[in-house]
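Commentary on secondary and tertiary structure
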Amino acid sequence: MSSLEEPLGLDKLPSMSTIDRIQRFSSSACRPRVDNLGMGNCWIEGRSCSTSNSCNEDKEEYTAETFPWRRQTRDLSRGDSFSQNTMTMGRNSMKFGIVDNSFYASDYHYSPKSNNKNIQDMTYKYMKGIPKFVKIVEVGPRDGLQNEKNIVPTDVKIELIRRLASSGLSVIEATSFVSPKWVPQLADAKDVMQAVHNLGGIRLPVLTPNLKGFEAAIAAGAREVAVFASASESFSKSNINCSIEESLARYRAVTHAAKELSIPVRGYVSCVVGCPVEGPIPPSKVAYVAKELYDMGCFEISLGDTIGVGTPGTVVPMLLAVMAVVPVEKLAVHFHDTYGQSLPNILVSLQMGISAVDSSVAGLGGCPYAKGASGNVATEDVVYMLNGLGVKTNVDLGKLMSAGDFIGKHLGRPSGSKTAVAFGRVTADASKI
């Protein structure tokens, strides 16, 4: 779907609908070719392009006649260095986030070639590990809504899942079969699961903390489950009322029962960077729990920064430790955005070979047992970034933002997605033109 790579915030906007602008920057647009990064070359389904973001055959589409506001933007920026770096400069003026100032020196033309080998090598270094496709695991209906103060009606949860599915998301964590005593917000798990389990082509895993929860989930129609352990002893006791080793024993029983029914099991590790009680968590502890879950049969291990304290500097050593004992293709990352570090943490994870990312529509979430944990990284923001990197997700950003708007209205608050908020402002400004 949409790439939305173009910076937003012009005083003058094109006379096209928001959806048209979204579709213009399709996620099927050019992806940088590894052997020519930094040279302005890229590929799209076998076609060669003359710039990093635009195909030759589309060149005439982006002329001054098509976008009459472009000349005005260029003229305004000539006298304002700040504007040069912040105003929209069109697809052809950006190369991996580096402003091509030659756009302002000539009338809509610039050199697509770069002879600076250092820049080329640096670009290759930072882009080579990023996968071509990233699977997004939407956790909003479960991890997002479990922390709400007010109970969300069952029909709203069901409609949210259906809207998320229609956006192209293929994996949506639907609910959790936990005791209503501990998480009353998800007491309707059975009703939700029975209403959505037949959605075609969609995986709908549910969280099951023990064998009893697993059996209830299967009875409600679940065909995939998840278990969760912590890398922090203190958090394990406060969250699921048992030690790490006791929790792993529970999950061995769950994975054994799941194997007999051919039910896939996903594993979560919480507090992979820090704990609200213990503070920093050694990477070796994370690696131990991740390997235990993998060895008992979990097909994928999601590494969660539960309280959002991680930075690339702490995420990298944690990933290195886990990757030493679990294959990288079996790993996913799950970041909360408490300190605004989720996107850089996801980016560095992609560079290390991770190709599965958990996120929550509208940035919903938190953890009832982790003081200070803010919402998950917003799915809209993740998709926006991935589109800008040329990474496919098969997610329609417009429909995704619509789903976020839907749940936001029911919760009575604005979206936690910066992308959705920015597009809301753009749409409002466009309506005034």
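Presented here is an overview of the structure given in this document. (Residues numbered from 1 in each chain as written. Predicted model: local features only at pLDDT ≥ 70, side-chain atom pairs only at ≥ 80, totals over all residues. Heavy atoms only, no water.)

1. Describing the overall build of the protein chain
This is how it is decided: Here a helix means four or more residues in a row that DSSP labels H or I, a strand means two or more in a row labelled E, and each is numbered from the N terminus. Only protein chains enter the accessibility calculation, which uses a 1.4 Å probe; a residue whose area is less than 20% of its type maximum is buried, one above 50% is exposed, and one in between is partly exposed. For every accessible area listed, the method is Shrake-Rupley and the probe measures 1.4 Å; residues are considered covered only by the protein chains on display.
Secondary structure summary: the protein chain contains 17 helices and 16 strands in total. Within the span of the protein chain, comprising 433 residues, buried residues form 53% of the whole. Taken as a whole, the protein chain presents about 18,800 Å² of accessible surface, with 54% of it coming from carbon and sulfur.

2. Thoughts on helix α7 (residues 154–166)
Applicable threshold: Multiplying one less than the number of residues by 1.5 Å gives the expected span of a helix. Any two residues whose heavy atoms approach within 4.5 Å are treated as being in contact.
With 13 residues, α7 should reach 18 Å at 1.5 Å per residue; the first-to-last C-alpha distance of 19 Å fits that figure. All of the buried residues in α7 are Val-156, Lys-157, Ile-158, Leu-160, Ile-161, Leu-164 and Ala-165. Those residues of α7 that are buried lie in contact with β6 (135–138), α6 (140–144), β7 (171–172), α8 (189–196) and α16 (397–411). Backbone geometry just after α7 places Gly-168 at a positive phi near 110 degrees.

3. Focus on the nonpolar core
Under the convention used in this document: As used in this record, nonpolar core signifies buried Ala, Val, Leu, Ile, Met, Phe, Trp, Tyr and Cys residues forming a set joined through side-chain atoms within 4.5 Å.
Formed by 98 residues in total, the largest nonpolar core has its most connected members in Val-269, Leu-293 and Leu-303. By residue number, the principal contributor to this core is α16, which donates seven residues. Apart from residues no more than four positions distant in its own chain, Val-269 is found in contact with Ala-229, Ala-231, Val-286, Val-289, Ala-290, Leu-293, Ile-301, Ser-302, Leu-303 and Gly-304.

4. Points about the pairing of strand β11 (residues 265–270)
This is how it is decided: At least two bridges found by DSSP between two strands are what make those strands a pair.
When you tally the buried positions in β11, you get six out of six residues, the bulk of the element. The alternating pattern of β11 places Val-265, Gly-267 and Val-269 and Arg-266, Tyr-268 and Ser-270 on opposite faces, both of which are buried. Strand direction decides the pairing type here: strand β10 (residues 225–230) and β11, joined by six bridges, are parallel. Among the inter-strand pairings, Ser-230 is bridged to a residue of β11, identified as Ser-270.

5. Section: the pattern of salt bridges
For the record, the criterion: For salt bridges, the criterion is a side-chain nitrogen of Lys or Arg within 4 Å of an Asp or Glu carboxyl oxygen.
In the structure shown here, the tally under the stated rule is twelve salt bridges. A salt bridge links Asp-188 to Lys-157; the nearest nitrogen and oxygen atoms lie 2.8 Å apart. In this pair, Asp-188 sits in the loop between β8 (175–176) and α8 while Lys-157 sits in helix α7, placing the two residues 31 residues apart along the sequence. By relative accessible area, Asp-188 is classed as buried at 10%. Put simply, Arg-163 and Glu-159 hold a salt bridge, and the shortest N to O gap is 3.0 Å. Of this pair, Arg-163 and Glu-159 both sit in helix α7, separated by four residues, roughly a single helical turn. On the basis of relative accessible area, Glu-159 is assigned to the partly exposed category, the value being 28%. Counted as one network, the salt bridges with shared partners bring together Lys-135, Arg-266, Glu-300 and Asp-358.

6. A few points about the sheet that holds β11
To keep it simple, the criterion reads: Lines fitted to the C-alpha atoms define the axes, with helices restricted to the stretch that makes contact. Angles between their N-to-C directions range from 0 to 180 degrees.
Strand order in this open sheet of nine strands is β7-β6-β16-β15-β14-β11-β10-β9-β8, and the pairing throughout is parallel. If you trace the sheet from one side to the other, it starts and ends with β7 and β8, each paired once. Along the sheet face, helix α11 (residues 244–260) touches β10 and β11 and points at about 165 degrees away from the line of β10. Running at roughly 155 degrees to strand β15 (residues 331–335), helix α13 (residues 312–323) makes contact with β14 (300–305) and β15 of the sheet.

7. A short note on the side chain of Asp-381
The cut-off we apply is this: Counting rule applied: Lys, Arg positive; Asp, Glu negative; His and chain ends not counted. Think of a polar contact as two N or O atoms within 3.5 Å of one another; within protein, one of them needs to be a possible hydrogen donor and the other a possible acceptor, and neighboring residues in sequence only count if both atoms come from side chains.
Relative to the assigned elements, Asp-381 resides in helix α15 (residues 379–388). As a buried residue without a salt bridge, Asp-381 has its nearest oppositely charged side chain in Lys-418, at a separation of 5.5 Å. Engagement of the side chain of Asp-381 in a polar contact is seen with the backbone nitrogen of Lys-418, the distance being 3.2 Å.

8. Here we look at the packing of α13 against helix α14 (residues 342–351)
Short version of the rule: Note on convention: near helix rotated counterclockwise from far helix by under a right angle means a left-handed crossing. Clockwise means right-handed.
Their axes nearest at 9 Å, the elements α13 and α14 cross at an angle of 35 degrees. Seen from above, α13 lies across α14 with right-handed handedness. Facing Pro-312, Val-315, Val-316 and Leu-319 of α13, the residues of α14 in contact are Pro-344, Asn-345, Val-348 and Ser-349.

By themselves these figures say nothing about function.
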